[in-house]
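Inside the fold
If you want the building blocks of each chain, they are given just below.
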Amino acid sequence: MWKAFSAPRCARSCAATFSRPLKLLGYHSQIIHNNWKLYAENVRDSYHATLLHTFYTTFKINRLDMDGGIRITDAAQPWHHLSFAKRATLDAAEEYKAAEVHSASYETRLNGPELLEAWNEFDDGITHSIQALFPTLAIQFTLNSLAVRWFTPRGVDKTELFWMYIGYEDDDEAEERMRIMQSNLTGAAGLVSLEDGCINEFVQRGTKGSGQSASAFMEMGGKTVESSEASRATEVAIRGFWKGYREIMGFA
Ligand SMILES: [Fe+2]
């Protein structure tokens, strides 16, 4: 059933990320009250980060209009993807101000601004990346926080989400401290996990009230599953997941 997995060719591929000896920094898990496939969509959805994770937008960590894209691994079996973005390109985005996007309150300041200090991990300029491996694994860099997360069904509307935070054995003390501190950007003590768990539960409940009780479908549009090198404003990664799911389940 499985074809050989070909990782996206860039510095953020699995091969590059795990090319140095690793050091486990910590791990935790959380229960989220939604079907596992909703979380699989969440990992692959680029739109919601700007709207839901206001911390990302406020502190210019991740916004849909950043220079970035989505690479699909394999045209014949587009089940996996890599989403990447470059923080350095943010200042020119005047449309957020013009549109008065509610999460774009850039006057907000952190008491501990050192949280967002980052160094270039690779020479590709990428500051935020998520590589999803079908069906339930994702490897992500948020600034210098490297995390592997995976999830497993615990019921029709219950999923356990695991996070593992990783550094490199040759990190110096300051680098290790920074990776641990930046893990708060996404982990259970931060905001992203909390918000995804909350919104997915809303969607789960909304599906039940959709009139069909067991299913609901909404899309921005498009039909193809192909790489989008210039923009992350696309649903190609979600369609890639469902292509894989249908193939495995015999629905194709
Ligand atoms: Fe999210």
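So, here is what we can say about the structure in this document. (Residues numbered from 1 in each chain as written. Predicted model: local features only at pLDDT ≥ 70, side-chain atom pairs only at ≥ 80, totals over all residues. Heavy atoms only, no water.)

Considerations on the side chain of His-48
Quick reminder of the rule: Secondary structure follows DSSP: runs of H or I at least 4 residues long count as helices, runs of E at least 2 residues long count as strands, and numbering of each begins at the N terminus. In this scheme, a residue with accessible area under 20% of its type's maximum is buried, one over 50% is exposed, and one in between is partly exposed, where area comes from a 1.4 Å probe on protein chains only. Pairs of N or O atoms within 3.5 Å make up the polar contacts considered here, provided that, within protein, one atom can donate a hydrogen while the other can accept it, and that residues adjacent in sequence are counted only when both atoms are side-chain atoms. Here, two residues are considered to be in contact whenever any of their heavy atoms come within 4.5 Å of each other.
If you trace the backbone, His-48 turns up in helix H3 (residues 47-52). On the basis of relative accessibility, which here comes to 15%, the residue His-48 falls in the buried class. Reaching out from His-48, the side chain makes a polar contact with the side chain of Asp-196 at a distance of 3.1 Å. Discounting chain neighbours no more than four positions away, the residues touching His-48 are Asn-42, His-53 and Asp-196.

Some remarks on unusual backbone geometry
In this model, Phe-134 is joined to Pro-135 through a cis peptide bond whose omega is 0 degrees. The topology assignment puts Pro-135 in the loop between strand E4 (128-133) and strand E5 (137-142). Of note, the phi angle at Leu-143 is positive, near 50 degrees, even though the residue is not glycine. Position of Leu-143 among the secondary structure elements: in the loop between E5 and strand E6 (145-155). On the accessibility criterion, Leu-143 (3% relative accessible area) is buried.

So, the coordination of the iron ion
The condition is simple: A donor here means an N, O or S atom no more than 2.8 Å from the metal, or no more than 3.2 Å when the metal is Na, K or Ca. Since water is not included, a site may seem to lack partners. Geometry assignment treats four donors as tetrahedral when all angles are between 85 and 135 degrees, treats four as square planar and six as octahedral when opposite donors are over 155 degrees apart and all others between 65 and 115, and treats everything else as irregular.
Distances from the iron ion to its protein donors, His-48 (NE2), His-53 (NE2), Asp-196 (OD) and Asp-196 (OD), fall within 2.1 to 2.4 Å. One can describe the donor arrangement at the iron ion as irregular, given that its four donor atoms subtend angles of 55 to 139 degrees at the metal. Sequence positions of the residues that donate to the iron ion give the spacing H-x4-H-x142-D. Of this pair, His-48 sits in helix H3 while Asp-196 sits in helix H7 (residues 192-208); the two residues are 148 residues apart in sequence, bridging distant segments of the chain.

With respect to the nonpolar core
As a reminder of what qualifies: Each nonpolar core is a collection of buried residues, namely Ala, Val, Leu, Ile, Met, Phe, Trp, Tyr and Cys, held together in the definition by side-chain atoms within 4.5 Å.
Ranked by size, the top nonpolar core spans 17 residues in total, and within it Trp-36, Tyr-39, Val-43, Phe-151, Leu-161, Trp-163 and Phe-241 carry the most contacts. For this core, the elements supplying multiple residues, two or more each, are helix H2 (36-44), E4, E6, strand E7 (158-168) and helix H8 (236-249). Among the elements that take part in this core, H2 stands out by supplying four residues, more than any other. Setting aside residues up to four positions removed in sequence, Val-43 forms contacts with His-81, Ile-130, Ala-132, Ala-138, Arg-149 and Phe-151.

Overview of the pattern of salt bridges
Note the following rule: By convention in these notes, a salt bridge is any Lys or Arg side-chain nitrogen within 4 Å of a carboxyl oxygen on Asp or Glu.
Scanning the model with the defined rule gives 10 salt bridges in all. Linking Glu-229 and Arg-71 is a salt bridge whose minimum nitrogen-to-oxygen distance equals 2.9 Å. Here Glu-229 is found in the loop between H7 and H8, whereas its partner Arg-71 is found in strand E2 (residues 67-72), with 158 residues between them in sequence. Looking at Glu-229, the relative accessible area reads 44%, which means it is partly exposed. Under the relative-accessibility criterion, Arg-71 is labelled buried at 18%. Of the charged contacts, one joins Arg-179 and Glu-121 as a salt bridge, the two residues approaching to 2.8 Å between their closest N and O atoms. Taken together, the residues span a long stretch of sequence, with Arg-179 in helix H6 (residues 173-182) and Glu-121 in the loop between helix H5 (95-98) and E4 at a distance of 58 residues. Residue classification places Arg-179 among the buried residues on the basis of a relative accessible area of 2%. Among the charged side chains, a salt-bridge network with shared partners connects Arg-20, Glu-121, Asp-170, Asp-171 and Arg-179.

Digging into the side chain of Arg-149
Here is the rule we go by: His is not counted here, nor are the chain ends, while Lys and Arg score as positive and Asp and Glu score as negative.
Inspection of the secondary structure assignment puts Arg-149 in strand E6. Buried and without a salt bridge, Arg-149 has Asp-196 as its closest oppositely charged side chain, separated by 4.8 Å. Among the polar contacts made by the side chain of Arg-149, one reaches the side chain of Gln-140 at a distance of 2.6 Å. Once residues within four sequence positions are removed from consideration, Arg-149 is found in contact with Tyr-39, Val-43, Ile-130, Thr-136, Leu-137, Ala-138, Gln-140, Leu-161, Phe-162 and Trp-163.

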